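# Observations on chain architecture
Residues per chain, in single letters:
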Amino acid sequence: MEKRIGTITLLLSDRERSGEINTIISDFADIILCRQGLPFRDRQTAVISLIVEGSPDRINALTGRVGRLQGVHSKAVLAS
């Protein structure tokens, strides 16, 4: 199966979801090369960026699972 490199950005407007997000990210640890998180302590917002390498289906599955959580927006960009 074709592997692609890409990024996934997660915007959390509800930091209470961080436990659920961490569980999902752990489920996809095999495709995650790098993770960076930036909490905004003065408000209930955080940004998580992931560098991933895997099949487009697997990357989209991760993006979709976290994007279905209330208070979380996700976007993936894949290299061609």
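One structure accompanies this document, and this report is about it. For every chain, the first residue of the written sequence is number 1, and numbering continues from 1 onward in sequence order. Only residues with pLDDT of at least 70 are given local features in this predicted model, and only at 80 or more are side-chain atom pairs given and counted; all residues enter the totals for whole chains, interfaces and linings. Excluding hydrogens and water, the side-chain values take into account all heavy atoms of the structure.

Next up on the list: the sheet that holds strand β1 (residues 4–12). For two strands to count as paired, DSSP must find a minimum of two bridges between them. Strands are runs of DSSP state E lasting at least 2 residues, helices are runs of H or I lasting at least 4, and numbering of each runs from the N terminus. Pairing within the open sheet is antiparallel, and its 4 strands lie in the order β2-β3-β1-β4. Each of the sheet's edge strands pairs with one partner strand only, and the pair in question is β2 (32–40) and β4 (72–78). Strand-to-strand twist of the sheet, defined as the mean angle between neighbouring strand axes without regard to direction, takes the value 15 degrees. Pairing geometry for β2 and strand β3 (residues 45–54), over 8 bridges, is antiparallel. Bridged to Q36 within β3 is S49. Contacts from helix α1 (residues 18–27) reach β1, β2, β3 and β4, with the element oriented near 165 degrees to β1. Any two residues whose heavy atoms approach within 4.5 Å are treated as being in contact. To define axes, lines are fitted to C-alpha atoms, for helices over the stretch in contact only, and angles between the resulting N-to-C directions are given on a 0 to 180 degree scale. Across the sheet, helix α2 (residues 56–67) lies against β1, β2, β3 and β4, angled at about 165 degrees from β4, the strand it touches most.

Throughout, nonpolar core names a set of buried Ala, Val, Leu, Ile, Met, Phe, Trp, Tyr and Cys residues whose side chains join them through atoms within 4.5 Å. Whether a residue is buried, partly exposed or exposed follows from its accessible area with a 1.4 Å probe, protein chains only, as a fraction of its type maximum: under 20%, in between, or over 50%, in that order. Within the largest apolar cluster, 18 residues are counted, with the highest numbers of intra-cluster contacts made by L10, I21, L50 and L62. Where this core is concerned, the elements lending two or more residues are β1, α1, β3 and α2. With 4 residues, the top contributor of residues to this core is β3. Those residues in contact with I21, other than ones at most four positions away along the chain, are L10, L12, I48, L69 and V72.

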